[in-house]
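Coordinates in review
Listed below are the residues making up each chain.
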Amino acid sequence: MGAPADFTLKETAGHKTAVLSGDWTARGMIDAGERLVQAMEGSDAVDLDLRDITRCDTAGAYAIIRAADGRISAGNIKAGPRTLRLLKLVDDAIQVEPEAAPPRKGFTALLERIGRGVYGLGDDLYGTLAFLGHLLIAIGRCIVKPSRIRWAPVVSLAERAGLDAIPIVATTTFFIGAVVGLLGANLLTQFGAQVFAVELIGISVLREFNILITAILLAGRSASSFAAELGSMKMNQEIDAMQVMGVDPYEALVLPRFAALLITIPLLTFVATLAGLAGGMAVTWAVLDLSPTFFLQRMADSVGVQHFFIGMSKAPVMAMVIAAIGCRQGLEVGNDVESLGRRVTAAVVHAIFAIIFIDAVFALIYMEMNV
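The notes below deal with the structure included here. Just so it is clear, the model here is predicted, and its values are computed rather than measured.

Criteria and cut-off values
- Residues numbered from 1 in each chain as written.
- Predicted model: local features only at pLDDT ≥ 70, side-chain atom pairs only at ≥ 80, totals over all residues.
- Heavy atoms only, no water.
- Salt bridge = Lys/Arg side-chain N within 4 Å of Asp/Glu carboxyl O.
- Helix = DSSP H or I, 4+ residues; strand = E, 2+ residues; numbered from the N terminus.
- Buried < 20%, exposed > 50% of the residue type's maximum accessible area, 1.4 Å probe, protein only.
- Expected span 1.5 Å × (residues − 1).
- Contact = heavy atoms within 4.5 Å.
- Axes fitted to C-alpha atoms, helices over the stretch in contact; angles between N-to-C directions.
- Parallel < 35°, antiparallel > 145°, perpendicular 65-115°, else oblique.
- Left-handed = near helix turned anticlockwise from the far one by under 90°.
- Nonpolar A, V, L, I, M, F, W, Y, C, P; charged D, E, K, R; others polar.

1. Comments concerning the pattern of salt bridges
Within the structure shown, the criterion is met by 15 salt bridges. Among the ionic pairs, E229 bridges to R160, the shortest N-O distance being 2.2 Å. Taken together, the positions of E229 in helix α7 (residues 197-235) and R160 in helix α5 (residues 151-161) put the pair 69 residues apart, joining distant regions of the chain. Classification of E229 as partly exposed rests on a relative accessible area of 23%. Linking E199 and R298 is a salt bridge whose minimum nitrogen-to-oxygen distance equals 2.8 Å. Here E199 is found in helix α7, whereas its partner R298 is found in helix α10 (residues 292-303), with 99 residues between them in sequence. As far as burial versus exposure is concerned, E199 and R298 are alike and both buried. One network of salt bridges, in which partners are shared, links D6, D31 and R35.

2. Overview of helix α13 (residues 337-368)
The end-to-end C-alpha distance of α13, which contains 32 residues, comes to 47 Å, matching closely the 46 Å that a straight helix rising 1.5 Å per residue would cover. Among the residues of α13, those classed as buried are S339, L340, A346, A347, A351, A354, I355, I358, D359, F362 and Y366. Turning to α13, the residues buried within the fold contact α7, α11 (306-313) and α12 (315-331). Looking at the residues trailing α13, positive phi occurs at N370, about 60 degrees.

3. Focus: the packing of α7 against α10
The N-to-C vectors of α7 and α10 enclose an angle of 70 degrees; their axes lie 9 Å apart at closest approach. Judged by the angle between their axes, α7 and α10 are roughly perpendicular. Between α7 and α10 lies a crossing of right-handed hand. Seen from α7, the contacting residues are V198, E199, I201, G202, I203 and L206; seen from α10, they are F295, R298, M299, S302 and V303. A per-class count over the contact of α7 with α10 returns seven nonpolar, two polar and two charged.

Interpretation note: all reported values are geometric properties and have no functional meaning in isolation.
Structure follows, in structure tokens:
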């Protein structure tokens, strides 16, 4: 590094001449720019002698122009051609006024928003197909060579997504079953058909509420967790480092999360079923004085096991959707915290929407099949 920026002032016949020396750079100026501004205040004409400057960058050129404040011209500057070109370049950049984008109003703004939404939808669809393609390739590799499966993260993630979620799933479905039983008891008692509250509880819990509540809770719990974990790794460039080392992120990060949810959601759905039926049975016992033995016997006679399998058939689909949405949103995180927050929020919202949509599709399919 050369000498720091400095200057001296010479006055001849009412004209001031500023003789600059040293490194007029961002690191070399220190406070020389401010001192030059103060020294040149109050003078109408200024000459600049820049021939003793050893180095000059855009920061130094801007400091010189700001100190001169338009009181210099090309005729009273003594400098080398490179310094003159730099001063002109910086001066031209200062004179340019930023052009604000014309505001769009009314119908034009509406069309623009619709166009951006359609383009974003197409881009999102393309990203989803690319994600599924990568995932299928990773699954195919693991099927061909099962030793590639990373069982340690699968077990760890299954514990976090499964065993740790049992209390909240059981508690929520217990109260859902109790609420359904209470509503059924109050409504059916008006018609003298309170005994049918058992069928109402059994069918609603076995077919819908067990898997629906489990999937929604895991969407808020696991989808957001997957997006945050992978998004944090993406921000820290850990995923890029894995690719440089030859490790497939889909095989090392995404596939274990798929496997973990495929294992745990059916188990959690079974726990939710027991908790929901227990909640409904407690209400019918307390409100309608129907004993647990009568409740279970009527469940076996009137409801049957068919509705249980209908509810359980949705579990693998819900698991794949929750894992896919959470992992894909995590891999789409940019390099800023705002992007991470948006992607985690999108993971939860998209997962809940997909769960409700898929449940409606299953309901239509089973209605057409008369089951």
